[in-house]
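Structural overview for review
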Amino acid sequence: MARILIVYSTTDGHTREICNRLRKVIEQHEHQVTLAPIAEVADADLEPCDKVVVGASIRYGKHSPLVVDFIERNAQVLNRKTSAFFSVSVVARKPEKNQPHTNPYVRRLLGKISWRPREVAVFAGKIDYPSYGFLDRMIIRGIMWLTGGPTDPKAVVEFTDWRQVEAFGGLIARM
């Protein structure tokens, strides 16, 4: 039984939902999983963990600075441990941007950090216009209009492939 820490950064809660699904899959393999927002474990000791997974959402083309800071502060430990990273973004709804080597946000992040996770995944996110404030709703609708996505201000559209998430959970359990 491994002790696995999953830390995450979420903007609207969907990355947390993905983490909960990962936890469910990993626990089916008899591992102990701790799930925590990245802000709560910013200074945590990662040594007791057997594996560390970092999950991060994208908003306006960027991962949260908290994610980059956490990774940089813990890069030596993360590189010694069995570790994984996943990113969640609506741009990953497009087949040509749903892999780590084709997703511009993941490529940019991995290019500027010293951590080299053993496994990396990209998951398509969710649009929930009714939950956004006015400005976010307008900006995201504009981005979706430019990129051929949904623009109905009442739309809630989930692009996540949950089988892909569950497969990644199984991969984490076996690594």
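What you are looking at is a predicted structure, and each value in this text was computed from that prediction instead of being measured.

Quick look at the overall build of the protein
For the protein, the count of helices and strands is 5 helices and 8 strands. Over its C-alpha trace the protein gives a radius of gyration of 16 Å, about what one expects of a compact globule, namely 16 Å for 175 residues. Judged by the C-alpha coordinates and their principal axes, the protein covers about 45 × 30 × 30 Å. With 175 residues in all, the protein has 47% of them scored as buried. Approximately 8,800 Å² of the protein is accessible, and the part contributed by carbon and sulfur atoms is 51%. In the protein, the 25 positive side-chain charges and the 19 negative ones have mean positions that sit 5 Å from each other.

Things to note about the environment of S64
Here S64 is to be found in the loop between β4 (62-63) and α2 (65-80). Along the backbone, S64 and L110 are 46 residues apart, and their C-alpha atoms lie at a distance of 14 Å. Setting aside residues no more than four positions away along its own chain, S64 makes contact with S9 and S57. A distance of 3.1 Å separates the side chain of S64 from the backbone nitrogen of L66, its partner in a polar contact.

A few points about the confidence of the model for the protein
With 100% of its residues at a pLDDT of at least 70, the protein reaches an overall mean of 95. Averaged pLDDT values over the elements of the protein bottom out at 92 in β4 and peak at 98 in strand β6 (residues 119-124).

Points about the layout of surface pockets
For the largest pocket, the calculated volume is near 430 Å³. Elements with a minimum of two residues in the lining of the largest pocket: α1 (14-27), β3 (51-59), β5 (82-89), β7 (126-128) and α4 (134-147). A class-by-class count of the residues in the lining of the largest pocket yields 11 nonpolar, 10 polar and 4 charged.

Concerning the packing of α1 against helix α5 (residues 162-174)
The geometry of a pair of packed helices is captured by two quantities: the angle between their axes and the separation between those axes. Where α1 contacts α5, the two axes come as close as 8 Å, and the packing angle between them is 50°. Here α5 runs oblique to α1, going by the angle between their axes. Considering only the axes of α1 and α5, their crossing is right-handed. Contact residues: α1 offers H14, E17, I18, R21, L22, V25 and I26, while α5 offers W162, V165, E166, F168, G169, G170, I172 and A173. The class makeup of the residues in the contact of α1 with α5 is 9 nonpolar, 3 polar and 3 charged.

Comments concerning the pairing of strand β1 (residues 3-9)
In terms of residue burial, β1 counts as a mostly covered element, since 6 of its 7 residues are buried. Sheet analysis places β1 next to strand β2 (residues 32-37), joined by 6 bridges and oriented parallel. Bridging from a neighbouring strand, Y8 pairs with P37 of β2. Following the backbone out of β1, through α1 and into the adjacent parallel β2, one traces a crossover that is right-handed. Judged from the 6 bridges that link them, β1 and β3 form a sheet pairing that is parallel. Across the sheet, S9 pairs through a bridge with A56, a residue of β3.

Parameters at a glance
Residues numbered from 1 in each chain as written. Predicted model: local features only at pLDDT ≥ 70, side-chain atom pairs only at ≥ 80, totals over all residues. Heavy atoms only, no water. Helix = DSSP H or I, 4+ residues; strand = E, 2+ residues; numbered from the N terminus. Rg over C-alpha atoms; globule rule 2.2 N^0.38 Å. Buried < 20%, exposed > 50% of the residue type's maximum accessible area, 1.4 Å probe, protein only. Areas by Shrake-Rupley, 256 points an atom, 1.4 Å probe, with all protein chains shown as cover. Lys, Arg positive; Asp, Glu negative; His and termini not counted. Charge placed at Lys NZ, Arg CZ, Asp CG, Glu CD. Contact = heavy atoms within 4.5 Å. Polar contact = N/O pair within 3.5 Å; in protein donor to acceptor, adjacent residues only side chain to side chain. pLDDT = per-residue confidence, 0-100. 1 Å grid on protein atoms, 1.4 Å probe; cavity = no way out; pocket = protein on both sides within 12 Å on 5 of 7 lines; lining within 4 Å. Points joined across faces, edges and corners; volume = space filled by probe spheres on them. Nonpolar A, V, L, I, M, F, W, Y, C, P; charged D, E, K, R; others polar. Axes fitted to C-alpha atoms, helices over the stretch in contact; angles between N-to-C directions. Parallel < 35°, antiparallel > 145°, perpendicular 65-115°, else oblique. Left-handed = near helix turned anticlockwise from the far one by under 90°. Pairing = 2+ DSSP bridges. Right-handed = clockwise from strand over helix to strand, strands pointing away.

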